[in-house]
Amino acid sequence: MELVSTHIVLNDDIGVRGNLYGGKLMAWIDDASSAYAREVIKSPNTVTLKVSECLFLKPSKLNNIIKLYCETVKIGITSITVKVEARRCDVTQGDEEVVCTTEVTLVQIDEDGRPCAIKK
Ligand SMILES: CC(C)(COP(=O)(O)OP(=O)(O)OC[C@H]1O[C@@H](n2cnc3c(N)ncnc32)[C@H](O)[C@@H]1OP(=O)(O)O)[C@@H](O)C(=O)NCCC(=O)NCCS
């Protein structure tokens with residue numbers, strides 16, 4: 001998988017029980033999947049169509065470093081599906097642990113917001 005972005009969990013990102021907000025992580029996932037998909041299909045004109053089951057496997061805490069990795073699952077006619085893994089990184093040991101996984105489907109759109117074919 002390709003490293004797309006890195007984030008540090010800050011005070012404003014923390015919710016109940018000291019865990020990273022799920023919504024914050026989902027926003028990071030949205031950004032990373034969009035940036036990755038746009039590079040793969042070489043187009044800035046995508047919208048997010050679908051976020052599949054989002055599994056929050058482990059909590060992330062204040063000051064944790066979260067790395068987002070992406071890989072292409074499928075490129076269709078107008079859509080691309082991207083697998084995303086969020087991994088908590090222990091910089092002292094160099095270890096990474098998956099904290100969240102999902103798949104995101106994005107569609108390339110034209111000027112009128114209609115799906116348009118991805119160049120291959
Ligand atoms: C994304 C959008 C343009 C798709 O328009 P649409 O007319 O419904 O699209 P289509 O039915 O032609 O399908 C487009 C692609 O999505 C795929 N698709 C449609 N429904 C799907 C689903 N439930 N799961 C996976 N893929 C799906 C189709 O297979 C097609 O892919 P392909 O061309 O690679 O085969 C439209 O739904 C939209 O504008 N949604 C809002 C997007 C948005 O605001 N996102 C949040 C901010 S970025």
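Scroll up to find the structure.
So, a few notes on the structure that sits alongside this text. This one's a predicted model, so the numbers in the text were calculated from it and none came from an experiment.

### A word on the site of the ligand
Inference 1: Contacts to the ligand come from 13 residues, most closely from Val47, Gly76, Ile77, Thr78 and Ser79.
Inference 2: Contributing elements (two or more residues each) for the shell around the ligand: strand E2 (46-51) and strand E6 (95-108).
Inference 3: Of the residues forming the shell around the ligand, the biggest block, four residues, is contributed by E2.
Inference 4: Along the lines of polarity and charge, the residues of the shell around the ligand split into six nonpolar, six polar and one charged.

### Side note on the nonpolar core
Inference 1: Counting residues in each nonpolar core, the largest one holds 22 residues, and the members touching the most others are Ile29, Ala32, Leu68, Cys70, Val82, Val84 and Ala86.
Inference 2: Every element with two or more residues in this core is listed here: helix H1 (22-41), strand E4 (65-75), strand E5 (79-90) and E6.
Inference 3: With seven residues, H1 is the single largest residue contributor to this core.
Inference 4: The residues contacting Cys70, other than those within four sequence positions of it, are Met1, Glu2, Val4, Ala32, Ser33, Tyr36, Val82, Lys83 and Val84.

### Some remarks on the environment of Ile65
Inference 1: As for its placement among the helices and strands, Ile65 is situated in strand E4.
Inference 2: For Ile65, a count of 15 C-beta atoms within 10 Å corresponds to the partly exposed category.
Inference 3: Here the alpha-carbon distance between Ile65 and Ile8, two residues 57 residues apart in the chain, equals 4.6 Å.
Inference 4: Other than its neighbours up to four places away in sequence, Ile65 contacts Thr6, Ile8, Cys89 and Val91.

### Quick look at the environment of Val99
Inference 1: Along the chain, the position of Val99 falls in strand E6.
Inference 2: Here Val99 falls in the buried class, since 20 other C-beta atoms lie within 10 Å of it.
Inference 3: Leave out the neighbours within four places in its chain, and Val99 touches Leu57, Lys58, Ser60, Ala86, Arg87 and Arg88.

### Focus: the environment of Lys120
Inference 1: With respect to the helices and strands, Lys120 occurs in the segment after E6.
Inference 2: Taking the C-alpha atoms as reference, Lys120 lies 32 Å from Ile66; in sequence the two are 54 residues apart.

What counts as what
Residues numbered from 1 in each chain as written. Predicted model: local features only at pLDDT ≥ 70, side-chain atom pairs only at ≥ 80, totals over all residues. Near = placed C-beta within 6 Å. Helix = DSSP H or I, 4+ residues; strand = E, 2+ residues; numbered from the N terminus. Nonpolar A, V, L, I, M, F, W, Y, C, P; charged D, E, K, R; others polar. Core = buried A, V, L, I, M, F, W, Y, C linked by C-beta atoms within 7 Å. Buried ≥ 20, exposed ≤ 12 C-beta atoms within 10 Å, placed from the backbone. Contact = placed C-beta atoms within 7 Å.

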